[in-house]
Amino acid sequence: GFDWWSISRGKSLPLLRRAIPLLTMVLAIAATWFNHPNAVVWLPVTCFLVFMYFPVRQAQLIALFAIAADLLILSVHWHQDAAMLLRTLLSSLLIFGLLSLFFQVNHATSTELKQTNQQLNVVLEDYDLLRQREMRRSREQMIHALTQLSQYRDSETGQHIVRTQLFVKQLAQALAHVGQPAYTLSQEEVDLIVKAAPMHDLGKIGIPDHILRKPGRHTFEETLLMRTHASIGEATLLAAAQQDNSGERGLLQVAARIAGAHHENWDGSGYPRGLSGEAIPLEARLMAVADVYDALTTSRHYKPGWTHEEACAEILSQKGRRFDPRVVEAFEREQAAMRRIAEQYQDTTENKACAAS
């Protein structure tokens, strides 16, 4: 009864896992001494419980001690003959050997299973790392392809991509001084916006060449068609984002918001949706200032570049109308840095020619 109770309660009362088997073994030895020599038959049961709850080496020592004690009791107290003692010894040793073999094999199997499980966990961790690395590489390749496609269809140069990325980064970091939670970006958010910036004009892949590369002013109909590049870019990036499970703040979602809203104006006069104020995503408001500053200060075959002072004056004049006032304030504080970036990464004659071709 003690043995059965220890088996059923062993998990909830772990101390009983060892105390009860030892107690039942003592009771079996005591019963052999006080009651009858046949009480020795309880010893195999108690030995089995000992092997269950003790390490094999300890269980062997305890069982050998119990067998020796019972044999001593049978010979000294009950004066059993040699044949009886021999049968008891052999049967006890047989049971002892079987229990030792069974639990040694069980222990070895358990150890092997633990080792195999540990190895399997290591393999699964390595596989997970490889899978994540492969997914990251695939995502980076897709983003690189989208960026290259955007640049290929645009008349801008590669330096435009570099400049607008750095302009956006400078403005995003400067927003930390605004002191408003809605304008405070974490470093992770800034990095996402910077990586997404090159895809802001991806929608130009859907604009016909005769309109996209037209040297003169566009007609009203051509302007309307040209403006669809914002919606095209947003739709393309959102479709790509469906294959990317990186979450709400994922890179392609940020890129889609920039592409779809960087031509929206603070006063609601922009396109494609006529959004106004903080309804325009913050990353798109940053890109709007960066893109216009770069467009104004860069020479094109159809216009000369403005000076830094002229471009700054134009952006400041659009504060609260075209641009977010807080972003313009950040631009004001970072004028010197913006100018350094524009001068350091200005277009050369060679990359101008590449863009024109």
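Residues numbered from 1 in each chain as written. Predicted model: local features only at pLDDT ≥ 70, side-chain atom pairs only at ≥ 80, totals over all residues. Heavy atoms only, no water.

A.B. asks: Quick question: what am I supposed to make of the environment of leucine 99 here?
C.D. replies: Along the chain, leucine 99 falls in helix H5 (residues 82-153). Given a relative accessible area of 9%, leucine 99 falls into the buried group. When sequence neighbours within four positions are dropped, the list of residues in contact with leucine 99 reads Cys47, Phe48 and Phe51. (Helix = DSSP H or I, 4+ residues; strand = E, 2+ residues; numbered from the N terminus. Buried < 20%, exposed > 50% of the residue type's maximum accessible area, 1.4 Å probe, protein only. Contact = heavy atoms within 4.5 Å.)

A.B. asks: Honestly, the packing of aromatic side chains in this entry has me stumped. Any pointers?
C.D. replies: Aromatic ring pairs: the centre-centre distance and the angle between the two ring planes describe each pair. Here the structure, examined in full by the defined rule, presents six aromatic pairs. Note on phenylalanine 51 and phenylalanine 96: the rings are 6.2 Å apart at their centroids and 70° apart in plane angle, and the pair reads as edge-to-face. On the criterion of sequence distance, the pair formed by phenylalanine 51 in helix H3 (residues 42-53) and phenylalanine 96 in helix H5 is long-range, its members being 45 residues apart. For the residue pair phenylalanine 51 and phenylalanine 96, the accessibility class agrees, reading buried in each case. Considering the side-chain rings of phenylalanine 51 and phenylalanine 103, the 5.7 Å spacing of their centres and the 25° angle between planes classify their relative orientation as stacked. Residue phenylalanine 51 is found in helix H3, and its partner phenylalanine 103 is found in helix H5; the two are separated by 52 residues along the sequence. (Phe/Tyr/Trp six-rings, centres within 6.5 Å; stacked < 30°, edge-to-face > 60°.)

A.B. asks: I keep staring at the pattern of salt bridges and nothing clicks. Help me out?
C.D. replies: Oppositely charged side chains are able to pair whenever their charged atoms sit close together. Applying the stated criterion across every chain yields a total of eleven salt bridges. Across the pair arginine 285 and aspartate 324 runs a salt bridge, and its minimum N-O distance is 2.6 Å. Linking arginine 285 in helix H12 (residues 282-297) with aspartate 324 in the loop between helix H13 (308-317) and helix H14 (325-333), this pair joins segments that are 39 residues apart in sequence. Residue classification places arginine 285 among the buried residues on the basis of a relative accessible area of 10%. Judged by its relative accessible area of 2%, aspartate 324 falls in the buried class. The salt bridge involving arginine 339 is made with glutamate 309; its shortest N-O contact spans 2.8 Å. Here arginine 339, found in helix H15 (residues 335-344), pairs with glutamate 309, found in helix H13; they are 30 residues apart in sequence, far enough to count as distant. Connected through shared salt-bridge partners, Glu309, Arg339 and Glu343 make up one network. (Salt bridge = Lys/Arg side-chain N within 4 Å of Asp/Glu carboxyl O.)

A.B. asks: I keep staring at H3 and nothing clicks. Help me out?
C.D. replies: Note: α-helices contain 3.6 residues per turn, so residues at a spacing of three or four share the same orientation. With twelve residues, H3 extends 17 Å between its outermost C-alpha atoms, agreeing within 8% with the 16 Å of an ideal straight helix rising 1.5 Å per residue. Within H3, the full set of buried residues consists of Leu43, Thr46, Cys47, Leu49, Val50, Phe51 and Tyr53. (Expected span 1.5 Å × (residues − 1).)

A.B. asks: Explain the environment of arginine 326 to me, please; I cannot follow it from the model alone.
C.D. replies: By the secondary structure assignment, arginine 326 is in helix H14. In the structure, arginine 326 is positioned 143 residues away from tyrosine 183 in sequence and 8.3 Å away in space, judged by C-alpha atoms.

A.B. asks: What's the story with unusual backbone geometry in this structure? I'm lost.
C.D. replies: Most peptide bonds take the trans form, and the phi angle of most residues other than glycine is negative. Between tyrosine 271 and proline 272 the backbone carries a cis peptide bond, its omega angle lying at 10°. Of note, histidine 79 is a non-glycine position whose phi angle comes to about 55°, a positive value. By the element assignment, histidine 79 lies in the loop between helix H4 (56-76) and H5.

A.B. asks: Would you explain the side chain of aspartate 291 in this entry?
C.D. replies: Note that aspartate 291 resides in helix H12. Buried charged residue aspartate 291 carries no salt bridge. Nearest counter-charge: lysine 204, at 6.7 Å. When residues no more than four places from it in sequence are discounted, the contact partners of aspartate 291 are His160, Thr164, His200, Asp201 and His262. (Lys, Arg positive; Asp, Glu negative; His and termini not counted.)

A.B. asks: How do you make sense of the nonpolar core when you look at a structure like this?
C.D. replies: Generally speaking, soluble globular proteins have nonpolar side chains that are buried together. Leu171, Leu237, Leu252, Leu286, Tyr293 and Phe331 are the most contacted members of the largest nonpolar core, which totals 49 residues. Tallying contributions element by element places H12 first for this core, with nine residues. Apart from the residues within four sequence positions on either side, tyrosine 293 is in contact with Phe167, His308, Ala311, Ile315, Phe331, Met338, Arg339 and Ala342. Core analysis: the next-biggest nonpolar cluster, separate from the first, contains 24 residues, Ile29, Leu43, Cys47 and Ile62 among them. (Core = buried A, V, L, I, M, F, W, Y, C linked by side-chain atoms within 4.5 Å.)

A.B. asks: How should the confidence of the model for the protein chain be read in this particular structure?
C.D. replies: Reading predicted coordinates in detail is not appropriate for stretches of low pLDDT. Per-residue confidence for the protein chain averages 84 on the pLDDT scale, and 87% of its residues sit at or above 70. Contacts from residues 350-357, a stretch scored under 50 in pLDDT, to residues over four places away or in other chains number nine contacts. (pLDDT = per-residue confidence, 0-100.)

A.B. asks: Would you mind going over the packing of helix H2 (residues 16-34) against H3 with me for this structure?
C.D. replies: Describing two packed helices takes the angle between their axes plus the distance from one axis to the other. Close contact between H2 and H3 brings their axes to 9 Å; oriented N to C, the two are set at 160°. Judged on the interaxial angle alone, H3 and H2 are roughly antiparallel. Our pair here, H2 against H3, has a crossing hand that is left-handed. Residues Arg17, Arg18, Pro21, Thr24, Met25 and Ala28 of H2 touch H3, and the partners they reach there are Trp42, Leu43, Thr46, Cys47, Leu49, Val50 and Tyr53. Here the contact of H2 with H3 is composed, by residue class, of nine nonpolar, two polar and two charged. (Axes fitted to C-alpha atoms, helices over the stretch in contact; angles between N-to-C directions. Parallel < 35°, antiparallel > 145°, perpendicular 65-115°, else oblique. Left-handed = near helix turned anticlockwise from the far one by under 90°. Nonpolar A, V, L, I, M, F, W, Y, C, P; charged D, E, K, R; others polar.)

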